[in-house]
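Results of the structural survey
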Amino acid sequence: MSLHILSSPSSLNRCRFSMSDGDALILIEDAVVLAATRITLEHRNIRISALSDDVDRRGISPIAAITLVDYPGFVALCAQHRHCLSW
Amino acid sequence: MSLSFALLVSGQPCTDQSSLTALRFCQAALDSGHQIYRVFFFNDGVHCANRFTTPPQDEIAVPKQWTNLQKTFDLDLVVCISSALRRGIVDAKEAARYELDGHNLADGFSIGGLGQWVDACQNADRVIRFGGNAQ
Amino acid sequence: MTFLYLFTRAPYGHSIAREALDMALASAAFDQHVSLVFAQDAIYQLLNTQDKGNTEKKPHIGVINALPLYEIENIYYLSDDCTSRNISATNLAPHAKALSATELADLMRGADRIQSF
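Everything in this summary refers to the structure shown in the same document. Everything quoted here is computed from the prediction, not taken from an experiment.

All names here are of chain C. An order of β4-β3-β2-β1-β5 is seen for the five strands of this open sheet, with the pairing classed as parallel. Both edges of this open sheet fall to β4 (96–99) and β5 (113–116), since each of them pairs with a single strand only. Strand after strand, the sheet turns through a mean of 25 degrees between neighbouring axes, direction not considered. With four bridges connecting them, strand β3 (residues 74–78) and β4 associate as parallel partners. If you follow leucine 78 over to β4, its bridge partner there is leucine 99.

See the structure below:
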């Protein structure tokens, strides 16, 4: 199981090839703009989070499907996944 | 459960947010009871170690923030030598070797080879990269 | 340990493409078992048709062709990327092997360390 760390809006398409069912995704930095949109993924059971500091800093209103996490939450997500892949 | 993290910082601190993300992540990981095995500065991330960085007075320079964190937690901050030399980041030893007229490696950082990153990858529980995703 | 590198960048545009490859070489030099996947635009790193006469930068294909000397023999690209970019596999470095999406998932499952660049 992998955690995909997305830091720009274009990271989403770049990481798709490496995703598997049950992976998790966290939006940080400029990728948090995606939190306001509906993200369509080919895989099932993908939990999507966004880093609250970056969301708030940019004044973005995330859709309900996105879980907001703070830095300790980001660390916890990394601890839960064997591989953390940055895109 | 307490884990050890190896962090790769590869973003330019004045250009993208990633080095600040790495700093906050580092602090949060330590506050959560985890260990930081090593922070390795690679590619444009080596600019995080430039002590000549001089931002406006109301901003804290990224190198200073790393130096402070290093002092507090005795972190192992290693700057990749091949990335660093290409970008003009040198300590006194390298400055002498290449006959440069100054050196700029900030306090708390050391210069090392990629072998130290490979070692970190082998020994840490988690490997996480920050930055280097510019289009 | 098994180190898997997932590359996604075309050569030349950003130094991370070349420096990440150096990191992979270092991993092999320090006795790790290394596999490289050149996914998406990174497939262009494997193209033999790069202009080698341009002297501004060292030709990227040079280091690609030297990978077996560093005992890196697991060099892959994804069949889908060939198709979507109109690339003929005959123009790719001869030691690179095609990988299906399922085979990639297996490779990722078996890796101790995965790094993406």
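Additional details are given in the paragraphs that follow.
What follows covers the packing of helix α3 (residues 71–80) of chain A against helix α1 (residues 18–31) of chain B. At a closest axis distance of 9 Å, the pairing of α3 of chain A and α1 of chain B adopts a crossing angle of 80 degrees. As the angle between them shows, α3 of chain A and α1 of chain B are arranged roughly perpendicular. Here Tyr71, Pro72, Phe74, Val75 and Cys78 of chain A of α3 of chain A lie close against α1 of chain B, whose contacting residues are Thr21, Arg24, Phe25, Ala28 and Ala29 of chain B.

The next thing to look at is the packing of aromatic side chains. Under the criterion given, the structure shown has 13 aromatic pairs over all chains. Here tyrosine 71 of chain A and phenylalanine 74 of chain A contribute two aromatic rings whose centre-to-centre distance is 6.3 Å and whose plane-to-plane angle is 45 degrees, an arrangement assigned as tilted. Here phenylalanine 74 of chain A and tyrosine 71 of chain A lie together in helix α3, a separation of three residues that amounts to about one turn. By relative accessible area, tyrosine 71 of chain A is classed as buried at 8%. With a relative accessible area of 0%, phenylalanine 74 of chain A lands in the buried category. When the ring of phenylalanine 41 of chain B is compared with that of tryptophan 66 of chain B, the centres are 5.2 Å apart and the planes differ by 90 degrees; the resulting orientation is edge-to-face. Taken together, the residues phenylalanine 41 of chain B in strand β2 (residues 35–41) and tryptophan 66 of chain B in helix α2 (residues 62–73) connect sequence positions 25 residues apart. The buried category is assigned to phenylalanine 41 of chain B, whose relative accessible area is 0%. Accessibility expressed as a relative area gives 0% for tryptophan 66 of chain B, which makes it buried.

About the thresholds
Residues numbered from 1 in each chain as written. Chains lettered and ligands numbered in written order. Predicted model: local features only at pLDDT ≥ 70, side-chain atom pairs only at ≥ 80, totals over all residues. Heavy atoms only, no water. Pairing = 2+ DSSP bridges. Helix = DSSP H or I, 4+ residues; strand = E, 2+ residues; numbered from the N terminus. Axes fitted to C-alpha atoms, helices over the stretch in contact; angles between N-to-C directions. Parallel < 35°, antiparallel > 145°, perpendicular 65-115°, else oblique. Contact = heavy atoms within 4.5 Å. Phe/Tyr/Trp six-rings, centres within 6.5 Å; stacked < 30°, edge-to-face > 60°. Buried < 20%, exposed > 50% of the residue type's maximum accessible area, 1.4 Å probe, protein only.

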